[in-house]
Protein chains: 2
Amino acid sequence: MSAFRSHGRGHLNGPVVVIGTGLLGTSIGLGLRGRGVPVFLSDPSPTNQAVAVDIGAGQPLGMLDGGTPELVVVAAPPDVTASVVAQALTDYPDSVVVDIASVKAAILAELQASGADMSRYVGTHPMAGREKSGPVAARGELFTSMPWVVCPGPDSSADAVQTARSLATDLGAVVSEFTADEHDQAVALVSHLPQIMSSLLASQLQGTPLHALSLAGNGLRDVTRIAASDPTLWVQILGGNAAKVVEILYGVREDLNRLIGTLEQPLAPGARLDLAQLISEGNAGQARIPGKHGGPPQAYTWLTVLVDDRPGQIARLLTEIGEVGVNVEDLRLDHSSGQNVGMVELSVLPNKHDHLIEALNDRGWRVLQ
Amino acid sequence: MSAFRSHGRGHLNGPVVVIGTGLLGTSIGLGLRGRGVPVFLSDPSPTNQAVAVDIGAGQPLGMLDGGTPELVVVAAPPDVTASVVAQALTDYPDSVVVDIASVKAAILAELQASGADMSRYVGTHPMAGREKSGPVAARGELFTSMPWVVCPGPDSSADAVQTARSLATDLGAVVSEFTADEHDQAVALVSHLPQIMSSLLASQLQGTPLHALSLAGNGLRDVTRIAASDPTLWVQILGGNAAKVVEILYGVREDLNRLIGTLEQPLAPGARLDLAQLISEGNAGQARIPGKHGGPPQAYTWLTVLVDDRPGQIARLLTEIGEVGVNVEDLRLDHSSGQNVGMVELSVLPNKHDHLIEALNDRGWRVLQ
């Protein structure tokens, strides 16, 4: 174990073997190649492997030719990850092996039960991704500034943990350490539950008449955005984290039952309070979500500017805001319902808000508060 | 009844009385004043009324001095709207009276039961709003290109309906006609259910540890965005549309129960299929939501560009995209977790997509697919 690696930040020298050249595995290969790290790729699909090689994510595994990788990254679907990791721990007896699946405790448990060498295994989860899948969509920059959770197992060696951290930091990610259980509990709340609520809502729209859908605003669009997710992947994620997810759903069901009871008797004493509490508790929970750059929530104030829907208008608006000397912290478009005007919502530091509104008005922009 | 008004688009000449100078009432006043229409304002709160007058939304009602308004707009909270409308129909026996509440059938029924003159009443609902409330946040442009639903009652005269439509079109909105029941059913699905699902999810975060929340991505933020809504208003909306909302919630509860059963036995035969069906049905429902400008859903393709979080970077990106000759149809920011790089997601016409990626790469931008 190199003293540098166990005490310092550490960088990967390679070689790195990536097993599974889908979106994430190929992106990892591309990112490491961009740092000059030798990468060797393998995938059950010869096509996926060939594409990943062609776009520069690494060499075919055969060319490793008996060499000893520093690290093996298993980027297989969650269902088969544990068995692929176990095989890699056997095939590469001197290498650290990590995985990148969205669920961690089930994989750790399966590996422990298999008798594999747990000192060389570290579960990880890069929280990045695109709607697209497959190697063609891969990009080396995919992990830049995204969270990457590292979950040392009870038997993981310090060296293995450092190697896992180096993978993440070399790819530009922000590393945090959780136990496998803490990880699964966290993602059950911040990732799996939102997916479920979005899908439950969106599935209600299947029979909605189109004229009713014509009234859809940004609220509906925001809540259903992630309902466009991939069923195959999510079956594995929810199946792999079922115990923690279902515990949370018991709480949701309780709240839903209470709400239904209230709406069945909306004039009963206490009905109003019940409804107010649902919304207030939602206010409270939402306010806890960190703001931009992990800072305090709601640290910025919003304003809305109307723009004609002609090319270059948003660019012009932002350029002028820059000329006024104000930084735009966040930006959202609010779509018109059929005419050529759109709303651009901007958030800025509170102490810039009024000055910016005045400056924009002076320059002829139509500003809503 | 003027022949012009009953056949043509029609415009309001005024005077218009606005009862209730909160955000919407004051915005209506401002918008009409911008067209030179005389407006007279009234509010139970002398402060709200004075503020609305001060910002130019109209004159105090006393100055109407016995004149006959062309139109009375009741912009009161949903709970009291029917009684304020009934009073206005009595006080202004030659005027059309509209309301703008978010629920329609309950108000219509209450008015019919009161024996009011239903020929001069038309329920309406402008689907616009800001997170802020009160007259200070009002803007005359609030309704520009937003949907405004007009709900002729069974006894509304054609003239009254035309006057209601003129209010909406004069304020720049896009008018559609629904019956009161159709309206309530539509908003139950596209507005009230999303609010409920967002609040149910967000309320689960109240006890979530901050380190877990640090993993929050755009998915959670999108689904919980509207959980920041105002409890007082939503108590009235949900209470006023309880029957239709609860019917939909029975369906959601059924789906939730089925999902819970599946997750309690995730290895049982058929469990995988159940999970896949939930996500697929969410896919199908979400795909029916109209795209930008009411066009076909998903008519555009997305790409993501990394930008340094320095002032002017997004402006520069958009300017260069304009120079390449491509129109940005939609834009979203994806926040980094703590470092100074952000992702800008852009949607463009599919036939521009590859050309744009190439052009941006040439200009040194880092593009994810």
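Conventions used here
Residues numbered from 1 in each chain as written. Chains lettered and ligands numbered in written order. Predicted model: local features only at pLDDT ≥ 70, side-chain atom pairs only at ≥ 80, totals over all residues. Heavy atoms only, no water. Helix = DSSP H or I, 4+ residues; strand = E, 2+ residues; numbered from the N terminus. Buried < 20%, exposed > 50% of the residue type's maximum accessible area, 1.4 Å probe, protein only. Contact = heavy atoms within 4.5 Å. Areas by Shrake-Rupley, 256 points an atom, 1.4 Å probe, with all protein chains shown as cover. Lys, Arg positive; Asp, Glu negative; His and termini not counted. Charge placed at Lys NZ, Arg CZ, Asp CG, Glu CD. Phe/Tyr/Trp six-rings, centres within 6.5 Å; stacked < 30°, edge-to-face > 60°. Lys NZ or Arg CZ within 6 Å of the ring centre and 35° of its normal. Arc of directions from axis to C-beta. Buried area = accessible area lost by both parts, 1.4 Å probe. Salt bridge = Lys/Arg side-chain N within 4 Å of Asp/Glu carboxyl O. Polar contact = N/O pair within 3.5 Å; in protein donor to acceptor, adjacent residues only side chain to side chain. Pairing = 2+ DSSP bridges. Axes fitted to C-alpha atoms, helices over the stretch in contact; angles between N-to-C directions. pLDDT = per-residue confidence, 0-100. Least-squares fit on C-alpha atoms with pLDDT ≥ 70 in both. Right-handed = clockwise from strand over helix to strand, strands pointing away.

Student: Explain the overall build of chain A to me, and be specific about the residues and the numbers.
Tutor: The number of helices and strands found in chain A is 14 helices and 12 strands. For chain A, the spread of C-alpha atoms along the three principal axes comes to 70 × 55 × 40 Å. Each of the 369 residues in chain A was classed as buried or not, and the buried ones make up 57%. Within chain A, residue pairs in contact and separated by at least 24 positions form 69% of the contacts whose partners lie at least 6 positions apart. In the structure as shown, chain A presents an accessible area of about 13,900 Å², 52% of it carried by carbon and sulfur atoms. Between the mean site of the 24 positive side-chain charges and the mean site of the 38 negative ones, chain A shows a separation of 6 Å.

Student: Any chance you could break down the packing of aromatic side chains for me, citing the residues and the numbers?
Tutor: Residues and elements named next belong to chain A. In the structure shown here, the tally under the stated rule is two aromatic pairs over all chains. Ring plane angle 45° and centroid distance 5.0 Å describe the contact between Phe143 and Trp148, whose orientation is recorded as tilted. The same class applies to Phe143 and to Trp148, which are both buried. A cation over a ring is seen here: Arg332 above Trp302, with NZ or CZ 4.2 Å from the ring centre.

Student: Summarise helix α5 (residues 105-114) of chain A; cite the residues concerned and give the values.
Tutor: Residues and elements named next belong to chain A. Listing the buried residues of α5 in full gives Ala105, Ile107, Leu108 and Leu111. Relative to the axis of α5, the buried residues are bounded by an arc of 160° and lie together on one face. Its buried side turned inward, α5 meets α4 (78-91), β5 (96-99), β6 (121-126) and α7 (180-203). Just past α5, the residue Gly115 takes up positive phi, approximately 80°.

Student: I'd like to hear about the interface of chain B and chain A, residue by residue, with values.
Tutor: Interface extent is often summarised as the accessible area lost during association of the parts. Contacts between chain B and chain A engage 127 residues on the former and 127 residues on the latter. When chain B packs against chain A, the two sides together hide about 12,200 Å² of surface, and 65% of this comes from carbon and sulfur. The interface formed by chain B and chain A holds six salt bridges in total. Arg225 of chain B is the salt-bridge partner of Asp222 of chain A, the closest N and O atoms lying 3.1 Å from each other. One can count 24 residue pairs in polar contact (both at pLDDT 80 or more) joining chain B with chain A. Per element, the largest residue contribution to the side of chain B that touches chain A is 16 residues, and it comes from helix α11 (residues 242-264) of chain B.

Student: Break down the sheet that holds strand β1 (residues 16-19) of chain B for me, citing the residues and quoting the values.
Tutor: All names here are of chain B. Here eight strands make up an open sheet; going across it, the order is β3-β2-β1-β4-β5-β6-β7-β8 and the pairing mixed. Where the open sheet ends on each side, the last strands, each with one partner, are β3 (59-60) and β8 (174-177). When strand β6 (residues 121-126) meets strand β7 (residues 147-152), the two strands line up antiparallel, connected through five bridges. Note that in β7 the partner of Thr124 across the bridge is Val150. Packing against the sheet, helix α3 (residues 46-54) makes contact with β2 (39-42) and β3, and its axis sits at approximately 155° to β2.

Student: So what about the confidence of the model for chain A? Which residues, and what values?
Tutor: Residue and element names in this part refer to chain A. Summarising the model, chain A shows a mean pLDDT of 91, and 93% of its residues fall at 70 or more. Long-range and interchain partners of residues 1-8, a stretch whose pLDDT sits below 50, account for 10 contacts in this model, where long-range means more than four residues apart. What the predictor reports for the complex is a pTM of 0.88 with an ipTM of 0.88.

Student: Lay out the relation of the copies chain B and chain A in plain terms, naming residues and giving numbers.
Tutor: By a simple turn and slide, chain B fits onto chain A: the slide is 0.0 Å along the axis, the RMSD is 0.1 Å, and the turn is 180°. Both chain copies can therefore be described as sitting about a two-fold axis. Taking C-alpha positions as the reference, the residue of chain B nearest the rotation axis is Val223 of chain B, at 2.1 Å. A shared interface surface links the copies, since 100% of the contact residues of chain B are contact residues in chain A too.

Student: Any details on the sheet that holds strand β1 (residues 16-19) of chain A? Residues and values, ideally.
Tutor: Residue and element names in this part refer to chain A. A sheet is described by the order of its strands in space; here eight strands give the open sequence β3-β2-β1-β4-β5-β6-β7-β8, paired in mixed fashion. The sheet is open, and its two borders are formed by β3 (59-60) and β8 (174-177), each paired with just one other strand. Pairing between β5 and β6: three bridges, direction parallel. Bridge pairing in β6 links Asp99 to Gly123. Across the sheet, helix α3 (residues 46-54) is in contact with β2 (39-42) and β3; its angle to β2 comes to roughly 155°.

Student: So what's going on with the pairing of β1 of chain B? Which residues, and what values?
Tutor: All names here are of chain B. A two-sided burial pattern is seen for β1, the buried positions comprising Val16 and Val18 on one face and Val17 and Ile19 on the other. For β1 and β2, the ladder comprises four bridges, and the chain directions are parallel. Looking at β2, one finds that Ile19 is bridged to Ser42. Once you follow β1 into helix α2 (residues 23-34) and on to β2, the crossover reads as right-handed. With four bridges connecting them, β1 and strand β4 (residues 71-74) associate as parallel partners. The partner of Val18 across the bridge, within β4, is Val73.

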